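Structural overview for review
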Amino acid sequence: MARVNLDGNPIPPVSICMIGGGGFIGSHLCEKLMSETSHKAIVIDVSSDKINHLLHNSLPWANRIEFHHMNIKNDSRLETLIKTCDLTINLAAICTPADYNTRPLDTIFSNFIDAIPVIKFCTENNKRLIHFSTCEVFGKTIGSFLPEEYRKDPQYYVLKEDVSPCIFGPVEKQRWSYACAKQMTDRLIYAEHAENGLKFTIVRPYNWIGPRMDFIPGVDGPSDGVPRVLACFSNNLLRGEPLKLVDSGHSQRTFLYINDAIEAVMLMIDNPDRANGHIFNVGNPDNEVSVKELAELMIQVYAKVADVPASSLSTLDVSSEEFYGKGYDDSDRRIPDMTIITRQLGWKPSTSLDELLDSTLQYQHQTYSHAIKTELSKPST
Ligand code: NAD
Ligand code: UDP
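Reference entry: report on the structure contained in this document. All values derive from a computational prediction rather than experimental measurement. (Residues numbered from 1 in each chain as written. Chains lettered and ligands numbered in written order. Predicted model: local features only at pLDDT ≥ 70, side-chain atom pairs only at ≥ 80, totals over all residues. Heavy atoms only, no water.)

**Digging into the overall build of the chain**
To be explicit about the condition: Labels follow the DSSP assignment, with helices taken as runs of H or I lasting at least four residues and strands as runs of E lasting at least two, numbered in each case from the N terminus. Classification of residues uses two cut-offs on accessible area relative to the type maximum, computed with a 1.4 Å probe and protein chains only: under 20% is buried, over 50% is exposed, and between them is partly exposed. Contact definition: two residues touch when any of their heavy atoms are within 4.5 Å. Per-residue and other accessible areas were derived by the Shrake-Rupley procedure at a 1.4 Å probe size, with only the shown protein chains allowed to occlude residues. We count Lys and Arg on the positive side and Asp and Glu on the negative side, and we leave His and both chain ends out. The location of each charge is read from NZ of Lys, CZ of Arg, CG of Asp or CD of Glu.
For the chain, the helix and strand inventory stands at 14 helices and 15 strands. C-alpha extents for the chain along the principal axes are approximately 55 × 55 × 40 Å. Out of the 381 residues in the chain, the part that is buried amounts to 54%. For the chain, the share of sequence-separated contacts (at least 6 apart) that also reach a separation of at least 24 residues comes to 79%. In the form shown here, the chain has an accessible surface area of approximately 17,300 Å², with 52% of it arising from carbon and sulfur atoms. Placing the 37 positive and 48 negative side-chain charges of the chain at their respective mean positions leaves the two points 3 Å apart.

And the structure:
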């Protein structure tokens, strides 16, 4: 049966230039596009590890997906690929907090400078752009600067795309270089739209998590690498080590299951008239926990999944300087206002934190526990 959009019209197949499509979000988007649509994906990335399972010639969608091993920093093929497609989705970024204050130049270049040609080629060739920004552009909440009694008032912590200010710490706190670079890119896209008619959608993900997020240090990533919190805590659980709570794990986050998130992106792809010209928060305001609560929940869920006593798993407080180095800072709270995405696309997330942790930790256990057991059983040198 032909797929129809939110206005009841058949969805024409489009070709999508997916930059950074070999990463966590891109891999899930490619899976969805291949299995449920007739859209075509031209994927650009420096690695195809997370999408190799989609690239075999024998698969039914083999003629609808192409992988181009390319670094967009220095490859003249970029403009041609953007030109040949109807839509560009830009996911390419350095987006791991451990990098923001240790590789600040790479962070700024990746999230701002390297995005400039992508935006320019889309404008000049009259191509639609869906660009991935971040909830982190809002920085800290107003509430974090106010006395305790004001912090309970949603007007001081709910983040609204068209209203909330963006509050960053000082330049020495290089954590904010990522947020600042992303925000500058958002502003450039908006300016290209205002002056030159660029058709854009900006996505602000709020801690999307699920299988294939980042890497497990020492298994499919460097053993001294520090991925995002889901993979850090998964690594600790798999190794039976304490889960490290940075600055006591006070910061709060809302977590969105990747499958729910991909539904939102699909609505944007398939409903350009409703998505163009908008910035969308994409998160799950009902799944809020502190990082400490997340750790405790992951311990309970993993104990069931791996059939080990929860009492054998624990947490450990570490300072942010010890964990991330000098110049780290943190977003205190991230609750997305959902008005714009509900109004334009009728999207709502449906997966609870318990459910998403259950399926994600089952995946982590099935994928990594054998490799880690083998590694741990080797005599140390
Ligand atoms: P990811 O790191 O898994 O994916 C990014 C991909 O971009 C990687 O595969 C990387 O190899 C590729 N890439 C980076 N620089 C490149 C270059 N110069 N040339 C070619 N490829 C390059 O991250 P993700 O979680 O999939 O995030 C995708 C986007 O969403 C990023 O822009 C990120 O800032 C944004 N985002 C994600 C989250 C989240 O919750 N996952 C939250 C906020 C923002
Ligand atoms: N964090 C933690 N322990 C870890 C990894 C991360 O306490 O092992 C904290 C981190 O300080 C932040 C939160 O978890 O407060 C989320 O971190 P993540 O790397 O997922 O990215 P962020 O949401 O900050 O962009």
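**Topic: the layout of surface pockets**
Stated precisely, the cut-off is as follows: Here a cavity means grid points, on a 1 Å grid over the protein atoms only, where a 1.4 Å probe fits yet cannot get out; a pocket means an open set of points with protein on both sides within 12 Å along at least five of seven lines; lining residues are those with an atom within 4 Å of a point. Grid points are joined across faces, edges and corners, and a volume is the space filled by probe spheres set on the points. Here the nonpolar group is Ala, Val, Leu, Ile, Met, Phe, Trp, Tyr, Cys and Pro; Asp, Glu, Lys and Arg are the charged ones; every other residue, Gly included, is treated as polar.
Approximately 420 Å³ is the volume found for the second largest pocket. Class assignment for the residues of the lining of the second largest pocket results in 4 nonpolar, 8 polar and 8 charged.

**Examining the packing of helix H4 (residues 104-113) against helix H5 (residues 115-124)**
Formally: Helix axes are fitted only over the stretch in contact, all axes being lines through C-alpha atoms; the angle between N-to-C directions runs from 0 to 180 degrees. Every angle not falling under 35 degrees, over 145, or within 65 to 115 is termed oblique; those three ranges are roughly parallel, roughly antiparallel and roughly perpendicular.
Running from N to C, H4 and H5 cross one another at 5°; their axes reach a closest spacing of 5 Å. If you check the angle between H4 and H5, you find them roughly parallel. Contacts between H4 and H5 involve Ser-110, Asn-111, Phe-112 and Ile-113 on the former and, on the latter, Ala-115, Ile-116 and Pro-117. When its residues are assigned to classes, the contact of H4 with H5 shows 5 nonpolar, 2 polar and no charged.

**As for the site of ligand 2**
Applied cut-off: Proximity is defined per residue: any heavy atom of the residue falling within 4 Å of a molecule or strand makes that residue near it. Polar contact is the term for a pair of N or O atoms within 3.5 Å; when the atoms are in protein, one must be able to donate a hydrogen and the other to accept it, and sequence-neighboring residues count only if both atoms are side-chain atoms.
Near ligand 2, the surroundings consist of 19 residues, among which Lys-244, Arg-253, Tyr-328, Asp-330 and Arg-334 are the closest. In this structure, Lys-244 approaches ligand 2 through a main-chain N or O atom, which is 2.7 Å from a nitrogen atom. Here Val-246 contributes a backbone N or O atom positioned 2.9 Å from an oxygen atom of ligand 2. Expressed as a share of its isolated accessible area of 520 Å², the protein-covered part of ligand 2 is 96%. Elements represented by at least two residues in the shell around ligand 2 include exactly helix H8 (229-239), strand S9 (243-246) and helix H12 (320-324). When grouped by side-chain class, the residues that make up the shell around ligand 2 number 10 nonpolar, 2 polar and 7 charged.

**Considerations on the side chain of Gln-364**
Among the secondary structure elements, Gln-364 is positioned in helix H14 (residues 353-377). Relative accessible area serves as the criterion here: at 3%, Gln-364 is assigned to the buried category. For Gln-364, the contacting residues outside a window of four places in its chain are Ile-216, Leu-230, Ser-234, Leu-238 and Ser-369.

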